[in-house]
Amino acid sequence: MRKYTAAELVKITHGTLISGSSTEAIDNVQYDSREVHRGSLFVPIKGANTDPHRYIQECFDKGAKAAFTEYDNEEWTDNTCIKVDNTLTALQQLAADYRRRMDLTLIGVTGSVGKTSTKEMIAAALSCGLDVMKTQGNRNSQIGLPMTMFELEPHNEAAVIEMGMSEFGEMDKLCDIARPNLAVMTNIGKAHIENLKTQENILKEKFRITKYFDENSVLFLNGDDPLLRTLHQKQAFRTVTFGLSPENDYYPEDITTQGFATTFTCVRGEKRTTVRILALGVHVITNALAAFAVGETLGLTEESITQGILGYKNAPMRQQLHEMKGFLLIDDSYNASPEATKASLDVLKEASQGKTIAVLADMLELGEESCTEHYNVGRYLAEQGIDELITVGNYSKYTAKGAEENGCRRVSSYESNSEAYQYLRTVIEKDCAILVKGSRSMHTDEIVTDIMKDFE
């Protein structure tokens, strides 16, 4: 990133230089004291149980050139400290300033599920025609998104940025920082409904991603989503729909799968292009359609877009396919929602050559709908003909109930990942396929780690 002097930092954040030199310059920003190195600006952001201001002197000892602080403290007088009202707000103000200095197309990606995989697909599609930067992992929050902005470089021609929100007002703050020119909305599901109460509220908040749009901006909508469909052709800017239905501007025909690859024809008007993806599931087709639409809007050729999509790979812990000795493991342990879990069950069914086993842990932040949604996932699992269900957690007992009451004959429930794995390892057999999925705080990646260790 470009260098900032302390004087510039003071001006941007409306802060006060309480010690050190106004000419001191920083060339990187860190909020984790463990990541601080020479030239850093350290931003101590208070958490629920910790106050990293206590690490400021340690960061200076490691080579930091400046620090934000919410306190007056004489022990830092030999170093450059800038007092601000709120260190998180100051971080966001600095990130917003840095973003505004970059002349590029920024594509914001939001939605209840599928943000990361869609972001990865769009970045892949653009990569053969443009110099693209993308959000690493899922750094899409009020801290993660500002840190992503600092990774922008002058040579970047486009950036694909994931923008996540779970409460009222969050998207406004993210847009103030990132200011997307284009945006993709993947769906309006029930993730975070505990905080936002209704899907209509979720739609309203996510639509705030268009806060800084002008007449040249484009909003790409999953037209298969009934709520998103209501936004089409009703805005002052252009909207483009993508999805499985032929009513969309971009839709697929001639879908086939072979091995772990999916091929389809991308249809838009009179144009037709064959697209191949090294992944399974109808959701990857939807993601590829979104990517194709973005690529063509930015003027890329169909050849470069299809070449880029062919290089797409699932992000870690997101429907990663692992060919173990004699069976298939689908690691989708990063997070879970009702919509995403059903999509993963589709992949499990599609990828299997033998017995199918789903290991499902609790889906959180569903509020009053938790029991119903878990039950519905269990029912869907049974309807898809999944052979065996193993659940972890209290809410997932309702998933087990939904599966049992709708015809799944092999169902078992456990309180911990270790208990579930001890049983799972006894039922693994040749040519079976195993899906592991749960909300992030359920740590179902522990089960994946055990499988990889014992069956590598």
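Residues numbered from 1 in each chain as written. Predicted model: local features only at pLDDT ≥ 70, side-chain atom pairs only at ≥ 80, totals over all residues. Heavy atoms only, no water.

In terms of helices and strands, the protein carries 16 helices and 22 strands. On C-alpha atoms alone, the protein measures out to a radius of gyration of 24 Å, which is about the 23 Å that the 2.2 N^0.38 rule sets for 456 residues. In terms of its C-alpha atoms, the protein occupies a principal-axis envelope of roughly 70 × 55 × 40 Å. For the protein, the proportion of its 456 residues judged to be buried stands at 56%. Restricting to contacts in the protein with at least 6 residues of sequence separation, those with at least 24 account for 62%. (Helix = DSSP H or I, 4+ residues; strand = E, 2+ residues; numbered from the N terminus. Rg over C-alpha atoms; globule rule 2.2 N^0.38 Å. Buried < 20%, exposed > 50% of the residue type's maximum accessible area, 1.4 Å probe, protein only. Contact = heavy atoms within 4.5 Å.)

The next thing to look at is the nonpolar core. Note on soluble globular proteins: their nonpolar side chains tend to be buried together. In terms of nonpolar packing, the biggest core is built from 51 residues, with Val 29, Leu 41, Met 149, Met 163 and Met 185 touching the most fellow members. Non-local contacts of Met 185, meaning those with residues more than four positions away in its chain, are made with Thr 110, Leu 203, Lys 206, Phe 207, Leu 219, Phe 220, Leu 221, Asn 222, Leu 228, Leu 231 and Phe 242. Counting 36 residues, the second largest nonpolar core, distinct from the first, contains Met 121, Leu 130, Ile 285 and Leu 289. (Core = buried A, V, L, I, M, F, W, Y, C linked by side-chain atoms within 4.5 Å.)

On to the pattern of salt bridges. Within this structure, the stated rule accounts for 21 salt bridges. The partner of Arg 34 in a salt bridge is Asp 32, with the nearest N and O atoms 2.9 Å apart. Under the relative-accessibility criterion, Arg 34 is labelled exposed at 68%. Across the salt bridge formed by Lys 46 and Glu 70, the nearest N and O atoms sit 3.1 Å from each other. On the criterion of sequence distance, the pair formed by Lys 46 in the loop between strand S5 (40–42) and helix H2 (56–61) and Glu 70 in the loop between strand S6 (66–69) and strand S7 (80–83) is long-range, its members being 24 residues apart. Judged by its relative accessible area of 18%, Glu 70 falls in the buried class. (Salt bridge = Lys/Arg side-chain N within 4 Å of Asp/Glu carboxyl O.)

Adjacent strands of a sheet form backbone hydrogen bonds with each other and so pair up, either parallel or antiparallel. Read from one edge to the other, the open sheet built from 5 strands follows the order S2-S7-S6-S5-S4, with strand pairing classed as mixed. Of all the strands in the sheet, just strand S2 (16–19) and strand S4 (28–30) have a single pairing partner and so form its edges. Between one strand axis and the next, the sheet turns by 30 degrees as a mean value, whatever way the strands run. Contacts from helix H3 (residues 87–100) reach S4, S5 and S6 within the one sheet, and its direction differs from that of S6 by about 130 degrees. (Pairing = 2+ DSSP bridges. Axes fitted to C-alpha atoms, helices over the stretch in contact; angles between N-to-C directions.)

Let's shift gears to helix H1 (residues 6–13). All buried positions along H1 are accounted for by Ala 6, Leu 9, Ile 12 and Thr 13. Axial view of H1: buried residues confined to an arc of 125 degrees, hence all on one face. Downstream of H1 by one or two residues, His 14 has phi in the positive range, about 55 degrees. (Arc of directions from axis to C-beta.)

We now examine the environment of Val 113. In this structure, Val 113 sits in the loop between strand S8 (105–110) and helix H4 (115–126). Residue class for Val 113 comes out buried when judged on its relative accessible area of 14%. A C-alpha to C-alpha distance of 31 Å links Val 113 and Lys 325, two positions 212 residues apart in sequence. Setting aside anything within four residues of it in sequence, one finds Val 113 in contact with Thr 186, Asn 187, Ser 337, Glu 339 and Ala 340.

Turning next to the pairing of strand S21 (residues 410–414). Judged from the 5 bridges that link them, strand S20 (residues 388–392) and S21 form a sheet pairing that is parallel. Bridge assignment links Leu 389 to a residue of S21, and that residue is Val 411.

This next bit is on the side chain of Thr 273. Checked against the element boundaries, Thr 273 lands in strand S16 (residues 271–277). One polar contact links Thr 273 to Arg 268, side chain to side chain, over a distance of 2.9 Å. Of the polar contacts made by the side chain of Thr 273, one reaches the side chain of Glu 302; its length is 2.9 Å. Residues in contact with Thr 273, not counting those within four places in the same chain, are Phe 264, Thr 265, Cys 266, Arg 268, Phe 292, Glu 302 and Thr 306. (Polar contact = N/O pair within 3.5 Å; in protein donor to acceptor, adjacent residues only side chain to side chain.)

Going through the model one piece at a time under the given rule, you end up with 5 aromatic pairs. Aromatic pair Phe 327 and Phe 455: ring centres 5.4 Å apart, planes at 85 degrees, arrangement edge-to-face. With Phe 327 in the loop between strand S17 (320–323) and strand S18 (328–332) and Phe 455 in helix H16 (residues 445–455), the pair connects residues that are 128 residues apart, well separated along the chain. With a relative accessible area of 6%, Phe 327 lands in the buried category. (Phe/Tyr/Trp six-rings, centres within 6.5 Å; stacked < 30°, edge-to-face > 60°.)

This next bit is on the pairing of strand S13 (residues 238–242). For S13, a buried count of 4 out of 5 residues is recorded, marking the element as mostly surrounded by other parts of the structure. Examined bridge by bridge, strand S12 (residues 218–222) and S13 share 5 bridges and lie parallel to one another. Its bridge partner being in S13, Asn 222 is matched across the sheet by Phe 242.

Turning our eyes to something else, we now look at the packing of H4 against helix H10 (residues 282–297). Any two packed helices are characterised by the angle at which their axes cross and by the distance between the axes. Remark: H4 packs on H10, axes separated minimally by 8 Å, with the N-to-C direction vectors making an angle of 45 degrees. In terms of orientation, H4 and H10 fall into the oblique class. As H4 runs across H10, the sense of the crossing is right-handed. Across the interface between the two elements, Ser 117, Thr 118, Met 121, Ile 122, Ala 125 and Leu 126 of H4 pack against Val 284, Asn 287, Ala 288, Ala 291, Val 294 and Gly 295 of H10. Partitioning the contact of H4 with H10 into residue classes produces 8 nonpolar, 4 polar and no charged. (Parallel < 35°, antiparallel > 145°, perpendicular 65-115°, else oblique. Left-handed = near helix turned anticlockwise from the far one by under 90°. Nonpolar A, V, L, I, M, F, W, Y, C, P; charged D, E, K, R; others polar.)

Moving on, we get to the sheet that holds S17. Strands sit in the order S17-S18-S22-S19-S20-S21 across an open sheet of 6 strands; the sheet is mixed. The open sheet terminates on both sides in strands that have one partner only, identified here as S17 and S21. Strand-to-strand, the axes of this sheet are offset by a mean angle of 15 degrees, without reference to chain direction. Relative to S20, strand S19 (residues 356–361) runs parallel, the two being bridged by 5 bridges. Bridged to Ala 358 within S20 is Leu 389.

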